[in-house]
Amino acid sequence: MADPLRPSITPLSRPGGPGVPGGMLGELQSEVSVEATPLLRFVLDHIRAIVTIVVLAVVVAAAAGVWHWHSARSEREAQLEFGRILVTPATRERLEALEGFLQAAPSSMKLGVQLEIAAAAAALGDTSKAAQAYAAVCAADPQGSLGIMAGLNEADVLLRAGRPEEALARLDALMASAPATLLDPVRQAVREGQAAAAEQAGRLERALEAYEAIVKNSGLDELGYYQAKIVELKARMAQSAAQQATHQGQNS
């Protein structure tokens, strides 16, 4: 007879009957629906692999966080260094510092550094280096607004350096590759550059075509300058043709 003052202790496990698992697994499975039993069995059978995968996922997430933190820190340090260079006097040393910084600059800053190199070189009269820097920006962003403006600046530098044929080639390339969404004022700026470069190169017919395209496609009200240039170029071309005809008549 059981002692009523002595609490009974429920055993943690008990032998299972036929077809019934024993122990704690049996008790756990008795609380789980029949449909969920295969999933429970899968988890218990592959617990080591599951834990390993979870640990690896945590490690990868932590490593990614460290990498992003390090990248952000490196970029902040690069921006501070860039700023220190920009506040120095516009001398040859500053240009050399910018060129050295470009090698280690983050990719997100390289175009900006190239533009500063171009501006610094142009200010020092180094047109060759300025043109190279503008060309690098244009090549990196050929259809973007930054690349197109860099191409215009490159052509201007080449034109001022007495290299009109190279300037005209750059402007022709810009016009050929420019997207259809390019703003009309920018197209006009390209055409103006083409006209100036062609005229400086002695290619009067090409310059005339550029000025006529400006007048035809421009929405500006004040076109007197361009119309005057058209008249001037036609007169020069007529005079040149007359001189050539006279020269040929004397030789015949």
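Before going into details, it helps to say that this report is about the structure given with it. Just so it is clear, the structure is predicted and the values come from calculations on it, not from any experiment.

Secondary structure summary: the protein chain contains eleven helices and zero strands in total. Tracing the protein chain from N to C terminus, the helices and strands come up as α-α-α-α-α-α-α-α-α-α-α. Of all intrachain contacts in the protein chain linking residues separated by at least 6 positions in sequence, the fraction that spans at least 24 positions is 39%. Of the roughly 16,500 Å² of accessible surface on the protein chain, a fraction of 60% belongs to carbon and sulfur atoms.

A word on the pattern of salt bridges. Following the criterion strictly, the structure yields 13 salt bridges and no others. The shortest N-O distance in the salt bridge between K129 and E99 comes to 3.1 Å. Of this pair, K129 sits in helix α6 (residues 127–140) while E99 sits in helix α4 (residues 92–104), and the two are 30 residues apart along the sequence. Residue classification places K129 among the partly exposed residues on the basis of a relative accessible area of 25%.

A few words on the environment of A122. Tracing the backbone through its elements, the reader meets A122 in helix α5 (residues 110–123). Taking relative accessible area as the criterion, A122 reaches 26% and is therefore assigned partly exposed. As a C-alpha pair, A122 and V157 span 35 residues in sequence and 7.6 Å in three-dimensional space.

Here the focus is α5. With 14 residues, α5 should cover 20 Å at 1.5 Å per step; its first-to-last C-alpha distance of 20 Å lies within 8% of that length. Of all the positions in α5, only V113, Q114, I117, A118, A120 and A121 are classed as buried. Immediately beyond the C-terminal end of α5, within one or two residues, lies G125, with a positive phi of roughly 80°.

Our next topic: the nonpolar core. F101, V113, I117 and Y211 are the most contacted members of the largest nonpolar core, which has 48 residues in total. It is helix α7 (residues 145–160) that provides the largest number of residues to this core, a total of seven residues. With residues near it in sequence (within four places) discarded, I117 still touches L95, L98, E99, L102 and A133.

This brings us to the packing of aromatic side chains. One pass over the full model with this rule turns up three aromatic pairs. Ring centres 5.4 Å apart and planes at 75° place the aromatic pair Y225 and Y226 in the edge-to-face group. For Y226, a relative accessible area of 11% gives the class buried. One aromatic cluster in this structure is built from Y211, Y225 and Y226.

Along its 14 residues, helix α10 (residues 204–217) runs 20 Å from first to last C-alpha, staying within 8% of the 20 Å computed at 1.5 Å per residue. By the burial criterion, the buried members of α10 are L204, A207, L208, A210, Y211 and I214. End-on view of α10: buried residues confined to an arc of 160°, all on one side of the axis. Opposite the packed face of α10, turned more than 90 degrees from it, sit the exposed residues E205 and K216.

This part is about the environment of P164. The topology assignment puts P164 in helix α8 (residues 164–177). Note on P164: relative accessible area 12%, which makes it buried. Note: C-alpha distance between P164 and Q200 (36 residues apart in sequence) is 6.2 Å. Setting aside its immediate chain neighbours within four residues, P164 contacts L158, L159, A197, Q200 and A201.

Contact pair α6 / α7: the axes reach a minimum separation of 8 Å and the direction vectors enclose 160°. Viewed along their axes, α6 and α7 adopt a mutual orientation that is roughly antiparallel. Crossing angle aside, the handedness with which α6 passes α7 is left-handed. Residues T127, A130, A131, Y134, A135, V137 and C138 of α6 form the contact with α7, whose own contacting residues are L146, G147, A150, G151, N153, E154, V157 and L158. Of the residues that constitute the contact of α6 with α7, the class distribution is ten nonpolar, four polar and one charged.

Cut-offs used in this document
- Residues numbered from 1 in each chain as written.
- Predicted model: local features only at pLDDT ≥ 70, side-chain atom pairs only at ≥ 80, totals over all residues.
- Heavy atoms only, no water.
- Helix = DSSP H or I, 4+ residues; strand = E, 2+ residues; numbered from the N terminus.
- Contact = heavy atoms within 4.5 Å.
- Areas by Shrake-Rupley, 256 points an atom, 1.4 Å probe, with all protein chains shown as cover.
- Salt bridge = Lys/Arg side-chain N within 4 Å of Asp/Glu carboxyl O.
- Buried < 20%, exposed > 50% of the residue type's maximum accessible area, 1.4 Å probe, protein only.
- Expected span 1.5 Å × (residues − 1).
- Core = buried A, V, L, I, M, F, W, Y, C linked by side-chain atoms within 4.5 Å.
- Phe/Tyr/Trp six-rings, centres within 6.5 Å; stacked < 30°, edge-to-face > 60°.
- Arc of directions from axis to C-beta.
- Axes fitted to C-alpha atoms, helices over the stretch in contact; angles between N-to-C directions.
- Parallel < 35°, antiparallel > 145°, perpendicular 65-115°, else oblique.
- Left-handed = near helix turned anticlockwise from the far one by under 90°.
- Nonpolar A, V, L, I, M, F, W, Y, C, P; charged D, E, K, R; others polar.

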